[in-house]
Structures are given as C-alpha cells and as structure tokens.
Amino acid sequence: MKVGDEVSCWELNRRGVPQGSVLGPLCFNVFLNDLSYFILRVSLNAYADDQQLYGADSDHEALYARLDHDLREASQWFRINGLMANPSKFQALVLSSTEQDFSFNIDGQQIQRCDDVDLLGVNIDSKLSFDKHISSICSKVNKQLSVVKRFKHLIGDHIKRRLYNAFILPVFNYCSDVWHFCSKRSKAKLEQLNKQALRTVLNSNSDYETLLRKIGSVNLESSRVQNMLITTYKTLYDIAPPYLKLLLKERKVEYNLRGTQKMDLPRVTTTTYGLHSFRYAATQVWNMLPDDIRTSQSLIAFKRAIRDITV
C-alpha cells in the first residue's frame, strides 16, 4: 500500500481478495464460481457477492425440500472455503399462493418469508405489483429534482437538460424490462412525475406531449418498450448474455414466409406470470416490427429505427 511517498511493507496474503484492486472482482468471481457445482437441486443466480437460490414446482413440499437441501449445501460450502455467510441477511420470497411454510433454519438462524426483497436495485414483491419499487423511483427522482429546482436560476437550460439526461432519466429507466408490467396507477404516477421534471428543466408549463417534443423524447412507457426491443435485438444477435436466449424462441421454418427474424409467441395460462412477462410481451412487440427494422445490420441502426415508436 502506498500513501503519498510512504510505502508499507510486503505482506503474504494466503486468502481473500484485496479491495480496490483491478483484478479483485475477477479473482473473487473465479473463487466463487465453484459454488455452482454444489447447487444441484435448484437454480443458482450469482452476481459478485449476491447469490440467489430459486426454483419452481407444482409440488410445493418437494420444492421446499430441494431449496432447504441446497441452502444447507451453500452454507457448508461457504464455511469450508473460509467465507462467512450471514444468515441474518438471508431472505425468502414466494411468488405464489401456497400453504407450504417456506421458512428455513440455517446455523440456528431462522429465515422467514418476506413480502418483498431488494435485488440489485430493484424491489420485487410477492405479488409482482412493483408498487414499492415505483415509490422508490419517485423518491429518488424527487430528490434529484429538488436539487435542480434549488439551482435552476444559477444554471443554464442546456445544463439542466444534461442533468435530466444524466441523473433523472436513468432512474426512470433502470431495469425497466423487469418492472414494466406494474399497475396502470403506477405508470400514470411515473408519467406525471416526468412531466413535472420536464417542466422544471425546460422552464415551461406546456402540456406533456409538447414537453416531450421539445426535449426530443417519448413518454416513459414508450421508452420502456424501446428498451425491451433493444434487449431482444441484443439477445437474438448474441450481444446480450447467453442466458437471455432461454426466454426467447426464434421461429425456425424450412420455407419462405412473410416476415423474417420472427419469434414464436409462447403459450401462457395466466396474466401475472404469462401475458405480463418479458418473454411474451417482447416477442409480441418484436414480431410487430417491419422486416427491415428486425434485420437492422447494427445495434446503432436498430436504435435509430425504433426511436420514434410510441405506445
């Protein structure tokens, strides 16, 4: 370690990853990657030091048994490999109505079911309403907007537009593929707040459509649909992570049909977990695009082609 002109002595590090190093995140991922070989009965999702075990089964008792087994396997793996898991931070979330008690006991610590969990900046609730997440978005935007209002007489209009694009719009759009299917009330709440933000940034009391034209943008719902289409394009053209292809099924035919690069619309049986899902909505909207847009030669060309799409 070096601070100013002072350099510390060398120390042999037999385990752990130095914080702040360039190779630190990569070394940590390599080290943690072995965990996937021990989680065999349910699925594992891992991002840095954030891991989730998940599964689905019509037999809730059997699903509970599998989750309980692999949760214990994970806890043991951490212990053997010199890592300290913190069961007090473990959370269990059930996306279904069930009489099965999905509470677990790890190292004497009881893990109770929660109504919602925060996962990488998105609040996911058991009913997939995303009401709490929308409230969080509104709170963050209001804080950013209050700063702009405080200094609006000290900064120029072009600076305010930059602040809107850099600090407010990204909050509205963060992970929108996940929570796009929130309630109509929540969607209206977001649009109203965006209108308020644009009036502050543009210093205008015009109607919402006029404000959007002035800033050269579309409403938030249209923006979310565009983001969904961009994710779909990246997935089909192997730009996105490979696991996303599990959600989308490209249509395979041995003869020429009207329309190219289309996808098979999945069969669904429910609204919450079927119609209101990325795999269904993304497929439906993608197939509605003209052929020349679906077969765009680059991501930049595709983004340019869909920027005026509105809903």
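All figures in this text were calculated on a predicted structure; none of them were measured in a lab.

Regarding the packing of aromatic side chains
Then comes step 1: Under the definition given, this model contains seven aromatic pairs.
Then comes step 2: Pairing F31 with W77 gives two aromatic rings, centres 6.1 Å apart and planes at 55°, and the pair type is tilted. Pair noted here: F31 is in helix α1 (residues 24–32) and W77 is in helix α2 (residues 60–80), with a separation of 46 residues, a long-range link.
Then comes step 3: Its relative accessible area of 4% is what places W77 among the buried residues.
Then comes step 4: Ring centres of W77 and F78 lie 5.5 Å apart, and the angle between their planes is 75°; on these two criteria the pair is classed as edge-to-face. Residues W77 and F78 agree in their burial class; the two are buried.
Then comes step 5: Among the aromatic residues, those joined into a cluster by ring pairs are Y233, Y237, W286 and F302.

Observations regarding the pairing of strand β8 (residues 122–125)
Then comes step 1: Along β8, one buried face is formed by V122 and I124 and the opposite face, lined by N123 and D125, is buried too.
Then comes step 2: Where strand β7 (residues 116–119) and β8 come together, four bridges link them in antiparallel fashion. Its bridge partner being in β8, D116 is matched across the sheet by D125.
Then comes step 3: Remark: two residues form the turn of the hairpin made by β7 and β8, two consecutive strands paired antiparallel; L120 in that turn has positive phi of roughly 50°.

Concerning the nonpolar core
For soluble globular proteins, the rule of thumb is that nonpolar side chains tend to be buried together.
Then comes step 1: Residues I137, Y164, F172 and L190 are the most contacted members of the largest nonpolar core, which totals 28 residues.
Then comes step 2: When residues of this core are traced back to their parent elements, those giving at least two are β8, α3 (131–150), α4 (157–173), α6 (184–202) and α7 (208–215).
Then comes step 3: For this core, the element with the highest residue contribution is α6, accounting for six residues.
Then comes step 4: Apart from residues lying up to four places away in sequence, F172 is in contact with I137, V141, W179, L190, L193, N194 and L220.
Then comes step 5: Judged by nonpolar contacts, the second largest core, of 18 residues, contains F181, M228, L248 and A281.

Brief notes about unusual backbone geometry
Then comes step 1: Positive phi values are uncommon outside glycine, yet L128 reaches one of about 55°.
Then comes step 2: Take L128: it is sitting in the loop between β8 and α3.
Then comes step 3: Here the phi dihedral of C175 falls at roughly 55°; this positive angle occurs in a residue that is not glycine.
Then comes step 4: Take C175: its relative accessible area is 32%, and that puts it in the partly exposed class.

Thresholds applied
Residues numbered from 1 in each chain as written. Predicted model: local features only at pLDDT ≥ 70, side-chain atom pairs only at ≥ 80, totals over all residues. Heavy atoms only, no water. Phe/Tyr/Trp six-rings, centres within 6.5 Å; stacked < 30°, edge-to-face > 60°. Helix = DSSP H or I, 4+ residues; strand = E, 2+ residues; numbered from the N terminus. Buried < 20%, exposed > 50% of the residue type's maximum accessible area, 1.4 Å probe, protein only. Pairing = 2+ DSSP bridges. Core = buried A, V, L, I, M, F, W, Y, C linked by side-chain atoms within 4.5 Å. Contact = heavy atoms within 4.5 Å.

All we've got here are geometric facts, nothing functional implied.
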